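If you want the building blocks of each chain, they are given just below.
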There are 2 protein chains.
Amino acid sequence: MKLTRNKAERYNQVRVTVRGTDLEVFERLPAVRLVSDGSSVVEAVVAREFFATIFLNGKELATLLCSPDKLDYLAAGFLFSEGLIKARDDIEEIAVDEKLGIIRVSAKSASREESRYGSPRLITSGCGGAASFYNTQDAALPKIESSLKVNANAIFAMVKAFQHYSPAYLATHGTHSAALCDAASILAFAEDVGRHNAIDKLFGKCLLEDIPMADRLVLTSGRISFEILQKVTRRGVPVIVSISAPMSLGIQMAEKLGITLVGSARGQSMYVFSHPERVVVTADQEYKV
Amino acid sequence: MKLTRNKAERYNQVRVTVRGTDLEVFERLPAVRLVSDGSSVVEAVVAREFFATIFLNGKELATLLCSPDKLDYLAAGFLFSEGLIKARDDIEEIAVDEKLGIIRVSAKSASREESRYGSPRLITSGCGGAASFYNTQDAALPKIESSLKVNANAIFAMVKAFQHYSPAYLATHGTHSAALCDAASILAFAEDVGRHNAIDKLFGKCLLEDIPMADRLVLTSGRISFEILQKVTRRGVPVIVSISAPMSLGIQMAEKLGITLVGSARGQSMYVFSHPERVVVTADQEYKV
């Protein structure tokens, strides 16, 4: 545990200060385990929920219910997903107080769109990306162009690695994960109690550390809904793969925006709902959907 | 399909009008199913996401990403969970346009607290209960008193029935379910793409149809988080059981508010995290947690 750590050298332009306690993302609690013919008192590991409030240029923006780690990534990804920043260079400084759950971000050119956050909002563990469509449905997102091809067997292998990547998930079954992959392996990983937050943490990390996301693949443990598709589109990701089932608006949007959406990818089976041309089994394969 | 149906006679005081299309909660979409050595084009069943906007006394309140059914229950449950109504009698009329996704509610005594909804909000499929804690953390919820006892084997049996209750879930794996039970069987059931919405639909149904919730048990497919516990507490439910893992603030709150929280209830195993005295295996059982 360090009281202050400065990551500025890693992030180049963005000065990041983190003060606090390095809270664990899970905690151990006593519970009675009941089975059909008896009981015992055990120590259960549960995912920790935490309130983190983002202040943008001194003004309270939103409170997220999240896992208590990587709050700098979370804030950066959230601001990007919400359209409040357009690039890493828009962020001047991020100061995190992990103990108090406060993230202060100084950013350029954020003022014009800040107005839609007239009153501070609470965004729950299930969310993280609210408000986007509702306020920007007229701002058309660009169609994604990418010649990325991924082999189906590579996806099966990456999904398997992904499912065993997070000790917190394996211990609690209460968190969501997200990963950035190239055509063969996992490059970056993030997790959170919220499926939207996990994506925002991953995207925030890539933003702050200049990890390119174009022509790459995002893996998620959560269902792919409308809002998840929005986040992916904003970052220009051409392929999204989920272990869970997708939802209808996510699929519609993926089809329209040129994104390959893969759902229910587990074991040796997956369903490609849109733009299947990027997922190959053999070289000359052509699907009609 | 009926263009207008009037449920007023069922709900007594509350006049409910539903106009629209009776949209299915799922849809069939083509997908490429890929397995390790080949592919086929199949018809997949996916959960439908839908935008529904609630107007309270003529003023736009919130837009929910939800499943497109039981929007009257959703609105009633949401208004109750958010503290905007205190009882069924506060609701004068609910008019639903299913096709347009518009729910107009006329309610008494909602004005005082309406102010926290200064600007309309979008509440995503992951949410439904946002803002509550953030704005009401000083308004202490009452501790729940109940002498309800439930046999562990009865819970195992109800969980099993619950998991097979919803054709939409079995078809899509993309929805959440919630049910009200007594000590032996399921009394009411609701489902939605959002775990918060499923609870709100269940609670809205119980509110509108005068189904008592005290001394009863709520089953949910979703993780029990802080906000789920809030909803349960407002309705005076003493026992909540989830198939999924719970989260830390949900457990803390359940312990404090006198609620029995059971997590990871599946097959022949469950974990009781708080107030285990209500879950019995034998008559003289006493747990220390």
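Summary of the structure given here. (Residues numbered from 1 in each chain as written. Chains lettered and ligands numbered in written order. Predicted model: local features only at pLDDT ≥ 70, side-chain atom pairs only at ≥ 80, totals over all residues. Heavy atoms only, no water.)

## Section: the packing of helix 8 (residues 226-234) of chain B against helix 9 (residues 248-257) of chain B
Residues and elements named next belong to chain B.
Okay, so step 1: It is the contact of helix 8 with helix 9, at a shortest axis distance of 7 Å, that shows an interaxial angle of 30 degrees. In terms of orientation, helix 8 and helix 9 fall into the roughly parallel class. Read as a crossing pair, helix 8 and helix 9 show a hand that is right-handed. For the pair helix 8 and helix 9, contact is made by Phe226, Leu229, Gln230 and Thr233 and by Leu249, Gly250, Met253, Ala254 and Leu257, respectively.
Okay, so step 2: Among the residues forming the contact of helix 8 with helix 9, the class breakdown is 6 nonpolar, 3 polar and no charged. (Axes fitted to C-alpha atoms, helices over the stretch in contact; angles between N-to-C directions. Helix = DSSP H or I, 4+ residues; strand = E, 2+ residues; numbered from the N terminus. Parallel < 35°, antiparallel > 145°, perpendicular 65-115°, else oblique. Left-handed = near helix turned anticlockwise from the far one by under 90°. Contact = heavy atoms within 4.5 Å. Nonpolar A, V, L, I, M, F, W, Y, C, P; charged D, E, K, R; others polar.)

## Overview of the side chain of B:Glu27
Okay, so step 1: With respect to the helices and strands, the residue B:Glu27 is situated in strand 3 (residues 26-35).
Okay, so step 2: Polar contacts involving the side chain of B:Glu27 include one to the side chain of A:Ser248, which spans 3.4 Å.
Okay, so step 3: Setting aside residues up to four positions removed in sequence, B:Glu27 forms contacts with A:Ser248, B:Ala44, B:Val45, B:Val46 and B:Arg48. (Polar contact = N/O pair within 3.5 Å; in protein donor to acceptor, adjacent residues only side chain to side chain.)

## Some thoughts on the sheet that holds strand 3 of chain B
Okay, so step 1: Pairing in this open sheet of 8 strands is mixed, and the strands run 12(A)-11(A)-13(A)-14(A)-15(A)-16(A)-3(B)-4(B) from one edge to the other. Each of the sheet's edge strands pairs with one partner strand only, and the pair in question is strand 12 (186-192) of chain A together with strand 4 (38-47) of chain B. Averaged over all pairs of adjacent strands, the angle between their axes in this sheet comes to 25 degrees, without regard to strand direction.
Okay, so step 2: Where strand 11 (residues 176-181) of chain A and strand 13 (residues 217-220) of chain A come together, 4 bridges link them in antiparallel fashion. Bridging from a neighbouring strand, A:Ala179 pairs with A:Leu219 of strand 13 of chain A.
Okay, so step 3: Relative to the sheet, helix 7 (residues 195-208) of chain A contacts strand 11, strand 12 and strand 13 of chain A, its axis offset from that of strand 12 of chain A by approximately 140 degrees.
Okay, so step 4: Along the sheet face, helix 9 (residues 248-257) of chain A touches strand 15 (260-266) and strand 16 (269-274) of chain A together with strand 3 and strand 4 of chain B and points at about 60 degrees away from the line of strand 16 of chain A. (Pairing = 2+ DSSP bridges.)

## Let's talk about the environment of B:Ser36
Okay, so step 1: Checked against the element boundaries, B:Ser36 lands in the loop between strand 3 and strand 4.
Okay, so step 2: For B:Ser36, a relative accessible area of 30% puts it in the partly exposed group.
Okay, so step 3: Dropping the residues within four chain positions of it, B:Ser36 is found in contact with A:Asn153, A:Phe156, A:Gln268 and A:Val281.
Okay, so step 4: At 3.3 Å, the side chain of B:Ser36 and the side chain of A:Gln268 are in polar contact. (Buried < 20%, exposed > 50% of the residue type's maximum accessible area, 1.4 Å probe, protein only.)

## So, the pattern of salt bridges
When their charged atoms lie close together, side chains carrying opposite charge are able to pair.
Residue and element names in this part refer to chain A.
Okay, so step 1: As enumerated under the stated definition, the model contains 16 salt bridges over all chains in all.
Okay, so step 2: Its salt-bridge partner being Glu209, residue Lys205 comes within 3.5 Å of it at the nearest N-O pair.
Okay, so step 3: For Lys205, a relative accessible area of 18% translates into the label buried.
Okay, so step 4: Among the ionic contacts, a cluster of salt bridges with common partners joins Asp69, Lys70, Asp192 and Lys201. (Salt bridge = Lys/Arg side-chain N within 4 Å of Asp/Glu carboxyl O.)

## Comments concerning the pairing of strand 6 (residues 59-66) of chain A
In the case of a regular strand, side chains alternate between the two sheet surfaces.
Residues and elements named next belong to chain A.
Okay, so step 1: Within strand 6, 6 of the 8 residues are buried, which leaves it mostly tucked inside the rest of the structure.
Okay, so step 2: Pairing between strand 5 (residues 50-56) and strand 6: 7 bridges, direction antiparallel. Note that in strand 6 the partner of Phe51 across the bridge is Leu65.
Okay, so step 3: Turn length for the strand 5-strand 6 hairpin, with the two strands adjacent in sequence and antiparallel, is 2 residues, and the turn residue Asn57 shows positive phi of about 50 degrees.

## Brief notes about the packing of helix 2 (residues 71-81) of chain B against helix 7 (residues 195-208) of chain B
Describing two packed helices takes the angle between their axes plus the distance from one axis to the other.
Residue and element names in this part refer to chain B.
Okay, so step 1: Two numbers describe how helix 2 lies on helix 7: the axes approach to 6 Å, and their chain directions differ by 95 degrees. One way to sum up the angle between helix 2 and helix 7 is to call them roughly perpendicular. Contacts from Asp72, Tyr73, Leu74, Ala76, Gly77, Phe78, Phe80 and Ser81 in helix 2 reach Asn197, Asp200, Lys201, Gly204, Lys205, Leu207 and Leu208 in helix 7.
Okay, so step 2: In terms of residue class, the contact of helix 2 with helix 7 is made up of 7 nonpolar, 4 polar and 4 charged.

## Things to note about the nonpolar core
Okay, so step 1: Membership of the largest hydrophobic core comes to 34 residues, with the highest contact counts inside it found for B:Val218 and B:Ile240.
Okay, so step 2: Where this core is concerned, the elements lending two or more residues are strand 3 (26-35) and strand 4 (38-47) of chain A together with strand 11 (176-181), strand 12 (186-192), helix 7, helix 8 and helix 9 of chain B.
Okay, so step 3: Sequence-distant contacts of B:Ile240, defined by excluding residues within four places in its chain, comprise B:Val218, B:Thr220, B:Ile224, B:Ile228, B:Leu229, B:Val232, B:Ile259, B:Thr260, B:Leu261 and B:Val262.
Okay, so step 4: Counting 33 residues, the second largest nonpolar core, distinct from the first, contains A:Ala190, A:Leu202, A:Leu261 and B:Ala44. (Core = buried A, V, L, I, M, F, W, Y, C linked by side-chain atoms within 4.5 Å.)

## Side note on the sheet that holds strand 4 of chain A
Okay, so step 1: Taken in spatial order, the 8 strands line up as 4(A)-3(A)-16(B)-15(B)-14(B)-13(B)-11(B)-12(B) in an open sheet, and their pairing is mixed. Each edge of the sheet is formed by a strand with only one pairing partner; in this case those strands are strand 4 of chain A together with strand 12 of chain B. Strand-to-strand twist across the sheet, computed as the mean angle between neighbouring axes with direction ignored, equals 25 degrees.
Okay, so step 2: Strand direction decides the pairing type here: strand 11 of chain B and strand 12 of chain B, joined by 6 bridges, are antiparallel. Across the sheet, the residue bridging to B:Ala179 is B:Phe189, located in strand 12 of chain B.
Okay, so step 3: Running over the sheet, helix 5 (residues 152-163) of chain B touches strand 3 of chain A together with strand 11, strand 12, strand 13 (217-220), strand 14 (239-242), strand 15 (260-266) and strand 16 (269-274) of chain B and is turned about 45 degrees from strand 13 of chain B.
Okay, so step 4: Along the sheet, helix 9 of chain B contacts strand 3 and strand 4 of chain A together with strand 15 and strand 16 of chain B; its crossing angle with strand 16 of chain B, the most-contacted strand, is approximately 60 degrees.

## As for the environment of A:Val262
Residue and element names in this part refer to chain A.
Okay, so step 1: Turning to its location among the elements, Val262 is positioned in strand 15.
Okay, so step 2: For Val262, a relative accessible area of 0% gives the class buried.
Okay, so step 3: As a C-alpha pair, Val262 and Val272 span 10 residues in sequence and 4.4 Å in three-dimensional space.
Okay, so step 4: When neighbours within four sequence positions are excluded, Val262 is seen to be in contact with Ile224, Ile240, Val241, Ser242, Met270, Tyr271, Val272 and Val279.

## Focus: the pairing of strand 13 of chain B
Residue and element names in this part refer to chain B.
Okay, so step 1: Alternating residues of strand 13 divide into Leu217 and Leu219 and Val218 and Thr220, and every residue in both groups is buried.
Okay, so step 2: Summarising the sheet, strand 13 and strand 14 pair through 4 bridges and their orientation is parallel. Considered in strand 14, the bridge of Leu217 is made with Val239.
Okay, so step 3: One crossover worth recording links strand 13 to the parallel strand 14 by way of helix 8, and it is right-handed. (Right-handed = clockwise from strand over helix to strand, strands pointing away.)

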